Amino acid sequence: MLKERMRQFETMINTCDAVLATELVDAKAPFYTPASKAPVYGGQGYLSIVRFMRQGFSDVQWKLEEMVAEGNVVAVRWTCTGTHDGIFMGLKPTGKRFSASVMNFYYFNEDGKIINDIAAEGMIAILRQIGLVKY
């Protein structure tokens, strides 16, 4: 069941589907983004992060490459692609395309709704901690 929910989640983030967001994400679930010090909540909050990404990368897409589910947790490896065609965190559009491998862990409640999303930061965490990246 959780793997099917993640396939629906992939559709939700790639289409900004508000109905799916309500079905898939618990309304009280907090999500964090570099764009805000305070968390955003629920499906609409999650979609606000997607919209934030679309400001800088109007064609951003996430492709679910593989996933592993155990208990109430699903680990997903995504490929995220897009074109930097809008202002993103103060950086003017470069027109450059990107493709990045991203890893997230999703936690589900007993109703099958996402209650937490933890991103594996990898190299960005190192760059942030040594002061090379400011957010």
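Residues numbered from 1 in each chain as written. Predicted model: local features only at pLDDT ≥ 70, side-chain atom pairs only at ≥ 80, totals over all residues. Heavy atoms only, no water.

Once that is clear, we can look at helix 3 (residues 42-56). Each full turn of the α-helix corresponds to 3.6 residues, which orients residues three or four apart in the same direction. Compared with the 21 Å implied by 1.5 Å per residue over 15 residues, the 23 Å span of helix 3 between its first and last C-alpha is a close match. Among all positions of helix 3, only Gly 42, Gly 43, Gly 45, Tyr 46, Leu 47, Ile 49, Val 50, Phe 52, Met 53 and Gly 56 are buried. (Helix = DSSP H or I, 4+ residues; strand = E, 2+ residues; numbered from the N terminus. Expected span 1.5 Å × (residues − 1). Buried < 20%, exposed > 50% of the residue type's maximum accessible area, 1.4 Å probe, protein only.)

Bringing the packing of helix 1 (residues 2-15) against helix 3 into the picture now. In a packed pair of helices, the relevant descriptors are the angle between the two axes and the axis-to-axis distance. Orientation of helix 1 relative to helix 3, taken along the N-to-C sense of each, is 50°, at an axis distance of 9 Å. Between helix 1 and helix 3, the angle is such that the two are oblique. Residue-level inspection shows Phe 9, Met 12, Ile 13, Asn 14 and Thr 15 of helix 1 in contact with helix 3, the latter providing Tyr 46, Leu 47, Val 50 and Arg 54. Each residue belonging to the contact of helix 1 with helix 3 can be placed in one class, and the counts come to six nonpolar, two polar and one charged. (Axes fitted to C-alpha atoms, helices over the stretch in contact; angles between N-to-C directions. Parallel < 35°, antiparallel > 145°, perpendicular 65-115°, else oblique. Contact = heavy atoms within 4.5 Å. Nonpolar A, V, L, I, M, F, W, Y, C, P; charged D, E, K, R; others polar.)

Spatially, 3-4-5-6 is the arrangement adopted by the four strands of the open sheet, whose pairing is antiparallel. With one partner strand each, in any of the chains shown, strand 3 (61-70) and strand 6 (114-120) form the two edges of the open sheet. Neighbour to neighbour, the strand axes of the sheet diverge by 25° on average, direction disregarded. Examined bridge by bridge, strand 3 and strand 4 (residues 73-83) share nine bridges and lie antiparallel to one another. (Pairing = 2+ DSSP bridges.)

All right, on to the packing of aromatic side chains then. By the definition in use, this model includes eight aromatic pairs. Plain terms: the ring middles of Phe 31 and Tyr 46 are 4.7 Å apart, the flat faces sit at 90° to each other, and that makes the pair edge-to-face. Highlighted residues: Phe 31 in strand 1 (residues 30-33) and Tyr 46 in helix 3, separated in sequence by 15 residues. On the accessibility criterion, Phe 31 (2% relative accessible area) is buried. Using a relative accessible area of 10% as the deciding quantity, one classes Tyr 46 as buried. Between the aromatic rings of Trp 78 and Tyr 106, the centroid separation amounts to 6.4 Å while the plane-to-plane angle is 85°, which identifies the pairing as edge-to-face. (Phe/Tyr/Trp six-rings, centres within 6.5 Å; stacked < 30°, edge-to-face > 60°.)

A few words now on the pattern of salt bridges. Taken as a whole, this structure holds four salt bridges when the rule is applied. For Arg 97, the salt bridge identified is with Asp 59, shortest N-O distance 3.1 Å. Here Arg 97 is found in strand 5 (residues 97-108), whereas its partner Asp 59 is found in the loop between helix 3 and strand 3, with 38 residues between them in sequence. (Salt bridge = Lys/Arg side-chain N within 4 Å of Asp/Glu carboxyl O.)

Any link to function would need more than the numbers given here.
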